[in-house]
Amino acid sequence: AQSVTQLDSQVPVFEEAPVELRCNYSSSVSVYLFWYVQYPNQGLQLLLKYLSGSTLVESINGFEAEFNKSQTSFHLRKPSVHISDTAEYFCAVSDRRGNKLVFGAGTILRVKS
Amino acid sequence: DGGITQSPKYLFRKEGQNVTLSCEQNLNHDAMYWYRQDPGQGLRLIYYSQIVNDFQKGDIAEGYSVSREKKESFPLTVTSAQKNPTAFYLCATEDPTGYEQYFGPGTRLTVT
């Protein structure tokens, strides 16, 4: 069975500063990896995903994540955050078989002006 | 306009009452999921259905029931047997080609 650990429950950061949200996973088989974003009282939206190929994946709004198989990590980064990036971010893993997603506990990103 | 609708957005019930949460989709996806979200716990899978007339229990199915009579609809009933039903409930479908899940806007259920 897979598991996901998001190492920080909250990350406060000033606007225009860089940020990294950490995600580690555990699995005995190959996985697909996802980052979702949730704004208050809304559903989740897919931010980016790793299925295969290049280990660096990017979103349209400047986030990127790198799949590191040896460290079983999929950390999310952004070089310069905006107030509008304030949200909760969830890392998720799928085992490529049943396609059920296992979610981390979430990291709340608070961007301050 | 394609997507997933969940209604109502907010729902209030008295303890001991069953309540049914609606989830409708027009994405033509076969697989549908119900999750429960509690602060600091991420999302936990309640039930899922990969095809019409078939569904499986997830990790926390006790006190919940579902049906899947139509491809478009996957209602969730929270029964009086669910000990702590107050939570945010999210419905999702799965894109079989991209392996990603699409989420509805959620229903916040409060039971007092």
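Residues numbered from 1 in each chain as written. Chains lettered and ligands numbered in written order. Predicted model: local features only at pLDDT ≥ 70, side-chain atom pairs only at ≥ 80, totals over all residues. Heavy atoms only, no water.

Overview of the sheet that holds strand 7 (residues 64-66) of chain B
Residues and elements named next belong to chain B. Put simply, the test is: Pairing between strands is defined by DSSP: at least two bridges between them are needed. The secondary structure listing takes helices from DSSP runs of H or I that are at least 4 residues long and strands from runs of E that are at least 2 residues long, numbered from the N terminus. Angles shown run from 0 to 180 degrees and are taken between the N-to-C directions of axes, each axis being a line fitted to C-alpha atoms and, for helices, limited to the stretch in contact.
If you walk across this open sheet you meet the four strands as 1-3-8-7, and the pairing is antiparallel. A strand with exactly one partner marks an edge of an open sheet, and here the two such strands are strand 1 (4-7) and strand 7. Here the average twist between neighbouring strands, direction ignored, is 20°. For strand 3 (residues 19-25) and strand 8 (residues 76-78), the ladder comprises three bridges, and the chain directions are antiparallel. When the sheet's bridge partners are listed, L21 is paired in strand 8 with L76.

With respect to the interface of chain B and chain A
Our working definition: Contacts are assigned to residue pairs with any non-hydrogen atoms lying within 4.5 Å of each other. Values labelled buried area give the accessible surface lost by two parts on being combined, using a 1.4 Å probe and summing over both. We define a salt bridge as a side-chain nitrogen of Lys or Arg found within 4 Å of a carboxyl oxygen belonging to Asp or Glu. Counted as a polar contact is a pair of N or O atoms within 3.5 Å, where, for protein atoms, one must be capable of donating a hydrogen and the other of accepting one, and residues adjacent in sequence contribute only when both atoms are in side chains.
Counting residues at the interface gives 23 residues for chain B and 20 residues for chain A. Taken over both partners, the interface formed by chain B and chain A buries close to 1700 Å², and the fraction arising from carbon and sulfur atoms is 52%. Between chain B and chain A we count one salt bridge in total. Notably, a salt bridge pairs E100(B) with K49(A), separated by 2.9 Å at the nearest N-O pair. At the surface where chain B touches chain A, the tally comes to six residue pairs in polar contact (both at pLDDT 80 or more). Secondary structure elements with two or more residues in the side of chain B that touches chain A: strand 4 (32-37), strand 5 (43-51), strand 9 (87-94) and strand 10 (101-103) of chain B. Among the elements that make up the side of chain B that touches chain A, the one with the highest residue count is strand 5 of chain B (four residues).

Things to note about the side chain of E100(B)
This is how it is decided: In this scheme, a residue with accessible area under 20% of its type's maximum is buried, one over 50% is exposed, and one in between is partly exposed, where area comes from a 1.4 Å probe on protein chains only.
Relative to the helices and strands, E100(B) is located in the loop between strand 9 and strand 10. Residue E100(B) is classed as buried on the basis of its relative accessible area, which comes to 10%. A distance of 3.3 Å separates a polar atom in the side chain of E100(B) from a polar atom in the side chain of Y102(B). Every residue in contact with E100(B), bar those within four places of it in the chain, is listed here: F34(A), Y36(A), L46(A), K49(A), T93(B), E94(B) and D95(B).

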